[in-house]
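Tertiary structure, described
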Amino acid sequence: MINRPNPSSTILYSSDDDMQSHVVRFIMAEKNIEREVVSLDIHKMPEEILERSPGQVIPTLFDRGIVLYDLSVIMEYLDERFPFPPLLPVDPIEKSEKRLLIFRFTRSVDSWFEQVNIIETGSKKEANEARKVLKSNLIELVPLFEYKPFFKSDDMTIVDACLAVLLWRLKKLDIDLGTPGKAVTGYANRLFARDSFKESLTNCEKEFN
């Protein structure tokens, strides 16, 4: 039985190995948000959670009596609700660019998150093709990983939160970037070294890398 959330508290319903859940946990840790994280099996969500969450998906965030269940919506809400440190630029043009990157990496039909999903759930042939596509896409963007300390930014943004959880899973996905991906590996290690990233890891995620 899941206790009903306190309307005044910030509660995240999360899966221990789900990438989107990991992104939100990383952001919440980076912002040092006082929170409760409830781990659920994404395939066996309690009825009372399903009743309260119109999207019936994980991650789902409860805060101030509202329910949020889309990754992009949750990320931007947290950044506005807890503004320090800011994880999106103030300039509308730069902010729009970050939103487009998030769409490209997490939500488009051929997104990097979708390639991970195919690797984990598709046939052997589909998984092998998705590995090639994801590796090729990462290598192709090496100049952007080299360009600044974070992805196209001097400061960490929600884009980096999404990339970090994906890159953490490369070993588990049997993807080795090798020498051509040295800049990507260096970028990833800078994110992995952050206390907030370490704090965001569940026990099972610690075994991925």
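Before going into details, it helps to say that this report is about the structure given with it. (Residues numbered from 1 in each chain as written. Predicted model: local features only at pLDDT ≥ 70, side-chain atom pairs only at ≥ 80, totals over all residues. Heavy atoms only, no water.)

**Examining the nonpolar core**
Counting residues in each nonpolar core, the largest one holds 57 residues, and the members touching the most others are V23, L78, L138, F145, F151, L166 and L167. Going through the elements one at a time, α1 (19–30), α3 (71–81), α4 (92–107), α5 (112–121), α6 (124–140), α7 (142–147), α8 (158–168) and α9 (182–192) are the ones with two or more residues in this core. Top contributing element to this core by residue count: α8, with 10 residues. Counting residues in each nonpolar core, the second largest holds six residues, with I11, Y13, V38 and L40 among its members. (Core = buried A, V, L, I, M, F, W, Y, C linked by side-chain atoms within 4.5 Å. Buried < 20%, exposed > 50% of the residue type's maximum accessible area, 1.4 Å probe, protein only. Helix = DSSP H or I, 4+ residues; strand = E, 2+ residues; numbered from the N terminus.)

**Describing the environment of L170**
Relative to the helices and strands, L170 resides in the loop between α8 and α9. Contacts of L170, omitting those with residues within four sequence positions, involve L138, I175 and L177. (Contact = heavy atoms within 4.5 Å.)

**Side note on the sheet that holds strand β1 (residues 11–14)**
With respect to topology, four strands assemble into an open sheet ordered β2-β1-β3-β4, the strand pairing being mixed. The open sheet is flanked by β2 (36–39) and β4 (66–68), the only strands paired with a single partner. Within the sheet, the average angular offset between the axes of one strand and its neighbour, ignoring direction, is 20 degrees. Here β1 pairs with strand β3 (residues 60–63) via three bridges, running antiparallel. Paired with I11 across the bridge in β3 is F62. Those strands touched by α1 are β1, β2 and β3, and its axis lies near 150 degrees from that of β1. Packed on one face of the sheet, α3 meets β3 and β4 and runs near 30 degrees to β3. (Pairing = 2+ DSSP bridges. Axes fitted to C-alpha atoms, helices over the stretch in contact; angles between N-to-C directions.)

**Here we look at the packing of α8 against α9**
Where α8 meets α9, the axes come as close as 10 Å, and the angle between the chain directions of the two elements is 105 degrees. As judged from the angle between their axes, α8 and α9 are roughly perpendicular. Packed against α8, whose contacting residues are D160, L163, A164, L167 and W168, the element α9 presents V184, Y187, A188, L191 and F192 at the interface. Within the contact of α8 with α9, the residues separate by chemical class into nine nonpolar, no polar and one charged. (Parallel < 35°, antiparallel > 145°, perpendicular 65-115°, else oblique. Nonpolar A, V, L, I, M, F, W, Y, C, P; charged D, E, K, R; others polar.)

**A look at the pattern of salt bridges**
Any two side chains of opposite charge can pair, given that their charged atoms come close. Following the criterion strictly, the structure yields 12 salt bridges and no others. In this structure, E97 engages K98 in a salt bridge whose closest nitrogen and oxygen atoms are separated by 3.4 Å. E97 gets classed as partly exposed once you look at its relative accessible area, which sits at 29%. We classify K98 as buried; its relative accessible area is 4%. Each of R25, R169 and E205 takes part in salt bridges that share partners, so that together they form one network. (Salt bridge = Lys/Arg side-chain N within 4 Å of Asp/Glu carboxyl O.)

**As for α1**
Look at α1: 16 Å from first C-alpha to last across 12 residues, which is about the 16 Å you get at 1.5 Å a residue. Looking only at α1, the buried set comprises M19, S21, H22, V23, V24, R25, F26, I27, M28, A29 and E30. Following α1 by one or two positions, N32 has its phi on the positive side, about 55 degrees. (Expected span 1.5 Å × (residues − 1).)

**Some points on α9**
Considered for burial, the residues of α9 that qualify are A183, V184, Y187, A188, L191 and F192. Structurally, α9 contributes buried residues whose contacts are with α6, α7, α8 and α10 (195–200).

**Here we look at the layout of surface pockets**
Remark: the empty space left among the atoms is shown by a probe the size of a water molecule rolled over them. Each pocket or cavity is described by its volume, and for the largest pocket that value is around 630 Å³. Lining the largest pocket are 27 residues; nearest its centre among them are D18, M19, Q20, I42 and N117. The set of elements that each furnish at least two residues to the lining of the largest pocket consists of α1, α4 and α5. Tallying contributions element by element places α5 first for the lining of the largest pocket, with six residues. Residue composition of the lining of the largest pocket, grouped by class: 10 nonpolar, eight polar and nine charged. Volume-wise, the second largest pocket comes out at about 200 Å³. (1 Å grid on protein atoms, 1.4 Å probe; cavity = no way out; pocket = protein on both sides within 12 Å on 5 of 7 lines; lining within 4 Å. Points joined across faces, edges and corners; volume = space filled by probe spheres on them.)

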